[in-house]
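Listed here are the chains, written in short residue letters.
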Amino acid sequence: MDFSKHLLLLLFVVSVLFDSTNCSSMLLERAKEPEFMDWMVGIRRRLHENPELGYEEFATSELIRNELDSMGIVYKHPYAVTGIVGFIGTGKPPFVGLRADMDALPIQEGVEWAHKSKVPGKMHACGHDSHVAMLLGAAKILQEHSSELQGTVVLIFQPAEEGGGGSKRMIDEGVVQNIDAMFGFHITSEIPFGTVASRPGPIMAGSGFFEAVITGKGGHAAIPQHTIDPIIAASNVIVSLQHLISREADPLDSQVVTVAKFQGGSAYNVIPDSVTIGGTFRAFSKESFMHLKQRIEEVIVRQASVQRCNATVDFLTDKHIFFPPTINNPSLHAHFQKVASDIVGPANVRECQPVMGAEDFAFFSDAVPATYYYFVGMQDESKSLASVHSPFFTINEGALPYGASIHASLALNYLSEFGNNFPNRGKVDDASHDEL
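Residues numbered from 1 in each chain as written. Predicted model: local features only at pLDDT ≥ 70, side-chain atom pairs only at ≥ 80, totals over all residues. Heavy atoms only, no water.

(A) Molecular detail of unusual backbone geometry. Residue P78 is reached from H77 by a cis peptide bond, and omega for that bond is 0°. Mapping P78 onto the fold places it in strand β1 (residues 74-79). Along the chain, P93 connects to P94 via a cis peptide bond; the corresponding omega equals -5°. With respect to the helices and strands, the residue P94 is situated in the loop between β2 (83-89) and β3 (95-101). The phi angle at V81 is positive, at roughly 80°, despite the residue not being glycine. Within the secondary structure, V81 sits in the loop between β1 and β2. Owing to a relative accessible area of 32%, V81 belongs among the partly exposed residues under this scheme. In the Ramachandran plot, A160 falls in the positive-phi region, its phi being about 55° despite a non-glycine side chain. Tracing the sequence through the fold places A160 in the loop between β4 (152-158) and α5 (166-172). A160 sits in the buried class, given a relative accessible area of 2%. (Helix = DSSP H or I, 4+ residues; strand = E, 2+ residues; numbered from the N terminus. Buried < 20%, exposed > 50% of the residue type's maximum accessible area, 1.4 Å probe, protein only.)

This is how it looks when you write it as structure tokens:
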């Protein structure tokens, strides 16, 4: 190849890279346009005024479907009672998923403002109203660029993230059967407005709950020798549980065991027959998590027996399913860094530390070849924002265009550049996707 051909090839590559960066930044500018911004803010505020708990998001689901209808986006409904799955693009592989959760919390809102929750005892205290607005924003952007999509974007509006295992139920109903890669996000006041943050590998912990009933023999507090005191036994159990972390866990493998519930007698001078304790345990690997579960039961039962008590342990899986760790695919991390850098600039793409909070987006990791989760910053220097799950939680609505444009660009660029780099479950015969 002569010099002129080399030069032409170089110019072509540079032009492609320039166009990709320019296109990504244009998506943010589109999402920031006043009419577009007002539309997203309006959706978020309507949802905030009418919060619905897990598997009860009927009005929320209707609002989303109405917006999809107005954009001409095809979808299927319902999944997991209220969930919605929309499709943009060719209807053929590769398939990339974008997910937003949509349930509220059983919290009485303490913020006085024009769009305060109208439902007593319920509040969007974790930002899921903004997540829905941002995914709808991403959908609008992608629909405007649908002719450029080299595959299919799957929009997943998921119910019951707050402990209800909505993602697992959607997976069980076949929502992600052919998806190759999937992205999720969460708004946060922990990082500044205009920035995003994530990391490769574990980003959020796996979590579970436990409850134990420790039974002895009650009696008068003045004659303890005639009793078998379950309060003493429970106290020793709690101390012993802490040794699981300080003396059994690898210091470089972060784990947590917290006893947050202790219920015993009701009189000052009566030793009760039984005591109930309960708490949570968390870890960043499935192996550590399951080992911790095993040891919690062993310690409770055996330590109680030392004090002549009996103990039963319930991990409450009928009410609170175990959440696995949320683990980001390293290749998608490189993809995220490039896409996010093109939109907000490299200085505003941060690497965060893993956190012990849990997220049911983790269930998608077992069902999708590659998954990735990131945070959208909304920290405002002019005022302090309360943390999630607080009755005083608020949203910096200026962050909405960032989530919408990055989510859209992650999908758009994945389909054009990286769709074939991962094990592809979407490469099936067209008959299996007639619904698209």
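(B) The packing of helix α6 (residues 230-248) against helix α7 (residues 286-306), seen in detail. The geometry of α6 relative to α7 is characterised by a closest axis approach of 9 Å and an angle of 145° between their N-to-C directions. The two elements α6 and α7 cross, and the hand of that crossing is right-handed. Judged by residue contacts, A233, N236, V237, S240, L241, L244, I245 and E248 of α6 engage H291, L292, R295, I296, V299, I300, Q303 and A304 from α7. The residue makeup of the contact of α6 with α7, split by class, is 10 nonpolar, four polar and two charged. (Axes fitted to C-alpha atoms, helices over the stretch in contact; angles between N-to-C directions. Left-handed = near helix turned anticlockwise from the far one by under 90°. Contact = heavy atoms within 4.5 Å. Nonpolar A, V, L, I, M, F, W, Y, C, P; charged D, E, K, R; others polar.)

(C) Quick peek at the environment of C309. Relative to the helices and strands, C309 is located in the loop between α7 and β13 (310-314). For C309, a relative accessible area of 3% translates into the label buried. Those residues in contact with C309, other than ones at most four positions away along the chain, are I214, T215, G216, I228, D229, P230, A233 and A304.

(D) Quick look at the side chain of T371. For T371, the position within the fold is in strand β16 (residues 370-379). A polar contact is formed between the side chain of T371 and the side chain of S365, at a distance of 3.0 Å. When residues no more than four places from it in sequence are discounted, the contact partners of T371 are M182, I327, N328, N329, L332, F361, F364 and S365. (Polar contact = N/O pair within 3.5 Å; in protein donor to acceptor, adjacent residues only side chain to side chain.)

(E) Summary view of the sheet that holds strand β10 (residues 255-263). Taken together, the four strands give an open sheet; going across it, the order is β10-β12-β8-β13, and neighbouring strands pair in antiparallel fashion. Here the strands that pair on one side only, and so sit at the sheet edges, are β10 and β13. The sheet shows a mean angle of 20° between the axes of neighbouring strands, direction not considered. Where β10 meets strand β12 (residues 274-283), eight bridges bridge the pair, whose relative direction is antiparallel. Counterpart to V259 in the pairing with β12 is G279. Where α6 meets the sheet, it contacts β8 (206-215), β10 and β12, and its direction lies at approximately 165° from that of β10. (Pairing = 2+ DSSP bridges.)

(F) Region of interest: the packing of aromatic side chains. Per the counting criterion, the structure on display carries 16 aromatic pairs. Their ring planes at 45° and their centres at 6.5 Å tell us that F210 and F281 sit as a pair that is tilted. Of this pair, F210 sits in strand β8 while F281 sits in strand β12; the two residues are 71 residues apart in sequence, bridging distant segments of the chain. Accessibility classification places F210 together with F281 in one group, the buried group. Relative to Y374, the ring of F336 has its centre 5.0 Å away and its plane inclined at 40°; by these criteria the two rings are tilted. Placement of F336 in helix α8 (residues 330-344) and of Y374 in strand β16 is noted, with a sequence separation of 38 residues between them. Grouping residues by exposure puts F336 and Y374 together as buried. Members of the aromatic cluster, each reached through a chain of ring pairs, are F183, F185, F336, Y372 and Y374. Residue placement shows R169 over the ring face of Y55; its charged tip is 5.0 Å from the ring centre. Directly above the aromatic system of F315 lies the positively charged group of K293, at a separation of 4.6 Å from the ring centroid. (Phe/Tyr/Trp six-rings, centres within 6.5 Å; stacked < 30°, edge-to-face > 60°. Lys NZ or Arg CZ within 6 Å of the ring centre and 35° of its normal.)

(G) Region of interest: the packing of helix α2 (residues 34-49) against helix α4 (residues 128-144). At their nearest, the axes of α2 and α4 sit 8 Å apart, and the two run at 145° to each other. As for the relative orientation of α2 and α4, their crossing is right-handed in sense. Across the interface between the two elements, F36, W39, M40, I43, R44, L47 and H48 of α2 pack against D129, S130, V132, A133, M134, L136, G137, K140 and I141 of α4. Split into classes, the residues belonging to the contact of α2 with α4 amount to 10 nonpolar, three polar and three charged.

By themselves, these are just geometric observations and shouldn't be taken as functional.
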